[in-house]
Amino acid sequence: MSKFHPNIWYPFTILQEAPTPLKVKKGEGLWLELEDGRRIMDCISSWWVNIHGHGHPEIAGAIADQAKELEQVIFANFTHDPAEQLAEKLTDELPGDLNRIFYSDDGSTAVEIAMKMAYQYWQNKGQKRTKFICFEGAFHGGTFGAMSAGGSSPFNEIFKDLLFDVEFVPYPDTWIGDTTVAEREDQVIAKLEKLLDANPEEYAGIMIEPLVQGAGGMRMCREDFLQKLHWVNRQFDTLLIFDEVMTGFGRTGDWFASRRAQVEPDLIALAKGLTGGFLPLSATVCSDKIYEAFNSSDPRKTFWHGHSYTANPIGCAAGLATLKLMHENEPIFSQMEQWHQEELHKLRDHPKLKNHRVMGTIAAVDIINTGEDGYLNPVANRIKERCVDEGLLLRPLGNTIYLMPPYCTTRAQLETMYQGIIKLIDI
Ligand SMILES: *Cc1c(COP(=O)(O)O)cnc(C)c1O
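In this text, all values refer to a predicted model and were calculated from it rather than measured experimentally. (Residues numbered from 1 in each chain as written. Predicted model: local features only at pLDDT ≥ 70, side-chain atom pairs only at ≥ 80, totals over all residues. Heavy atoms only, no water.)

Undergrad: For the nonpolar core, give the residues involved together with the corresponding values.
TA: Counting residues in hydrophobic clusters, the biggest one holds 61 residues, and the most contacted among them are Leu90, Phe135, Leu192, Met218, Leu226 and Phe249. Viewed by domain, this core spans two of them, domain 1 (24-55 + 329-426) and domain 2 (59-323), each represented by three or more residues. The contacts of Phe135, once residues within four sequence positions are left out, are Gly151, Phe168, Val169, Pro170, Tyr171, Val188, Ile206, Met207, Ile208, Gln213, Phe225 and Leu229. Counting 29 residues, the second-largest nonpolar core is a separate cluster that includes Leu347, Ile383, Cys387 and Leu394. (Core = buried A, V, L, I, M, F, W, Y, C linked by side-chain atoms within 4.5 Å. Buried < 20%, exposed > 50% of the residue type's maximum accessible area, 1.4 Å probe, protein only. Domains from an automatic or database assignment. Contact = heavy atoms within 4.5 Å.)

Undergrad: Kindly report on unusual backbone geometry, identifying the contributing residues and their values.
TA: A negative phi holds for most residues other than glycine; trans holds for most peptide bonds. A positive phi angle, near 55°, is found at Asp237, a position not held by glycine. In this fold, Asp237 is placed in the loop between helix H7 (223-236) and strand S10 (239-243). (Helix = DSSP H or I, 4+ residues; strand = E, 2+ residues; numbered from the N terminus.)

Undergrad: Before we move on, can you summarise a nonpolar patch on the surface with the specific residues and values?
TA: Residues Phe144, Ile158, Phe159 and Leu162 make up a contiguous nonpolar surface patch of roughly 440 Å² in combined accessible area. Its place among the elements puts Ile158 in the loop between helix H5 (144-149) and strand S6 (167-169). What makes Ile158 exposed here is its relative accessible area of 71%. (Patch = residues over 30% accessible without salt bridge, like charges linked within 9 Å, V, L, I, M, F, W, Y side chains within 5 Å. Areas by Shrake-Rupley, 256 points an atom, 1.4 Å probe, with all protein chains shown as cover. Salt bridge = Lys/Arg side-chain N within 4 Å of Asp/Glu carboxyl O.)

Undergrad: Describe the sheet that holds strand S14 (residues 362-367), with residues and values.
TA: Spatial strand order, S13-S14-S16: three strands in an open sheet with antiparallel pairing. If you trace the sheet from one side to the other, it starts and ends with strand S13 (353-359) and strand S16 (400-403), each paired once. Neighbour-to-neighbour, the strand axes of this sheet turn through a mean angle of 15°, independent of strand direction. Here S14 runs beside S16; their pairing, made up of four bridges, is antiparallel. Of the residues in S16, the one forming a bridge with Ala364 is Tyr402. Its contacts with the sheet place helix H10 (residues 313-346) against S13, S14 and S16, and it is angled at close to 165° to S13. (Pairing = 2+ DSSP bridges. Axes fitted to C-alpha atoms, helices over the stretch in contact; angles between N-to-C directions.)

Undergrad: Lay out the site of the ligand with the relevant residues and their values.
TA: Trp48, Asp106, Gly107, Ser108, Phe139, His140, Gly141, Glu209, Asp243, Val245, Met246 and Lys272 make up every residue found near the ligand. Contact between the ligand and Asp243: a nitrogen atom at 2.7 Å from a side-chain N or O atom of the residue. Here Lys272 contributes a side-chain N or O atom positioned 2.6 Å from an oxygen atom of the ligand. Protein chains bury 82% of the 380 Å² of accessible surface belonging to the ligand in isolation. Residue composition of the shell around the ligand, by class: four nonpolar, four polar and four charged. (Near = heavy atom within 4 Å. Polar contact = N/O pair within 3.5 Å; in protein donor to acceptor, adjacent residues only side chain to side chain. Nonpolar A, V, L, I, M, F, W, Y, C, P; charged D, E, K, R; others polar.)

Undergrad: Please provide a residue-by-residue account of the domain arrangement of the chain, values included.
TA: A common measure of how large an interface is: the accessible area buried when the components associate. If you check the domain split of the chain, you get domain 1 (24-55 + 329-426) and domain 2 (59-323). Listed per partner, the contact involves 32 residues of domain 1 and 30 residues of domain 2. For the domain 1 and domain 2 pair, buried surface summed over both sides reaches about 2,500 Å², with 66% attributable to carbon and sulfur atoms. Three residues stand out in domain 1 for area buried against domain 2, namely Trp48, Arg357 and Met359, and they jointly supply 26% of the buried area on that side. (Buried area = accessible area lost by both parts, 1.4 Å probe.)

Undergrad: Describe the packing of H10 against helix H12 (residues 411-425), listing the residues and the values that go with them.
TA: Remark: H10 packs on H12, axes separated minimally by 10 Å, with the N-to-C direction vectors making an angle of 30°. Note that H10 runs across H12; the crossing there is right-handed. From H10, Trp339, His340, Glu342, Glu343, Leu344 and Lys346 reach across to H12, where they touch Arg411, Leu414, Glu415 and Tyr418. Looking at the contact of H10 with H12, its residues break down into four nonpolar, one polar and five charged. (Left-handed = near helix turned anticlockwise from the far one by under 90°.)

Undergrad: Please provide a residue-by-residue account of the pairing of S13, values included.
TA: Of all the seven residues making up S13, five are buried; the element is thus mostly covered by neighbouring parts of the structure. Examined bridge by bridge, S13 and S14 share five bridges and lie antiparallel to one another. Of the residues in S14, the one forming a bridge with Lys354 is Asp366. In textbook terms, the turn of a hairpin is the stretch between consecutive antiparallel strands, and for S13 and S14 this stretch comprises two residues, one of which, Gly360, has a positive phi near 65°.

Undergrad: Residues and numbers for the packing of aromatic side chains, please.
TA: All chains considered together, the criterion is met by 14 aromatic pairs. Ring geometry for Phe12 against Trp47: centres 5.7 Å apart, planes inclined by 70°, an arrangement best described as edge-to-face. In this pair, Phe12 sits in the segment before strand S1 (24-28) while Trp47 sits in helix H1 (residues 45-48), placing the two residues 35 residues apart along the sequence. Assessed through its relative accessible area of 40%, Trp47 is described here as partly exposed. For the ring pair Phe249 and Phe256, a centre distance of 5.3 Å and an interplane angle of 65° mean the geometry is edge-to-face. Aromatic ring contacts, followed pair by pair, group Phe12, Trp47, Phe139 and Phe155 into a single cluster. Lying across the ring of Tyr291, Arg100 places its NZ or CZ 3.8 Å from the centre. We note Arg129 situated over the ring of Trp122; from NZ or CZ to the ring centre the distance is 3.6 Å. (Phe/Tyr/Trp six-rings, centres within 6.5 Å; stacked < 30°, edge-to-face > 60°. Lys NZ or Arg CZ within 6 Å of the ring centre and 35° of its normal.)

See the structure below:
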């Protein structure tokens, strides 16, 4: 008997190695209830999506109401209130003149659309710019454009012959007590200036996960670096693309990483938190300048892209309910960084931990062991299997263990998570 359901192929799963998946019966706030009756705290908001916790009644209610009214309609030549209202509310919170929303269904696609828009923008302006600058260690999703823009990893290694050419520069990640970061940032900026100076008309854009690289290991950079990057981008007139698929919706302690860093990118990709984890919906938001380059009667200047479920009304209704809760939960997501700092401080001298770091609601540490740093470090599987016995859902990225709890988490519950982690790293 296979441990897997005979008709399902599970994602990111080494088929002969993975444990039997645990069946979940119910989700409520921070808690997941398993079929065998155990209750565990979802310390990572599932795949970083359930920002307000599981089963929030207001989002569930908004979905039910919308489903009875209009569940879906073709979004070319037709429009509807939920899509329009969500676009208005979302652009109100975004920096600068990021005023145009293009809807799609997941983070990879939102990134893909941002890259297509940037590439075609230059063509519409009569220039051929064929390259992107991206960051080592980045994760932008599983589609081919997103994989091309991602750093080398076990995820995209197999497909590397099929990926297009991207220029990579280091991501100047930092941690508490790091003294070398300013110097490393300057080196990255110098490298960028050199690339852009040598071929100013070659680069369509620079794409980054602002403040935190997620799947690449919760690597965090400073706001200062993003400001320098913004300045370089302005100086050389390329496009700055922020992949805020993970950092959006309060994760970095402000509504968006771009807002926290006071930087105005030309394009932003949003997904994970957008519907509070209820439905797949994503958005690529562009500046007026980009939209205007497509605003033409010429079919060659048209953006020929769309999806069967573009701007699904139920997803948009979930998005509207989520944004309302964002306003109510603002005190919590802006305060959680302080709580994490207090807990990390207690672990500062732990002999098995290094590189303590925090950004808003996200905290991470690296476990020191004999394995190599990185995604395939074996400690990840041991923790994944045993964390449930401690009442926690954790999913380390290699030897990086992190917390990304929903905004309904209390101070005491956060402390319980840290106590669980201390027990788990001793295995
Ligand atoms: C998860 C993620 C993606 C991909 O999103 P999917 O919804 O999984 O396709 C892209 N970029 C970042 C930064 C992410 O964290």
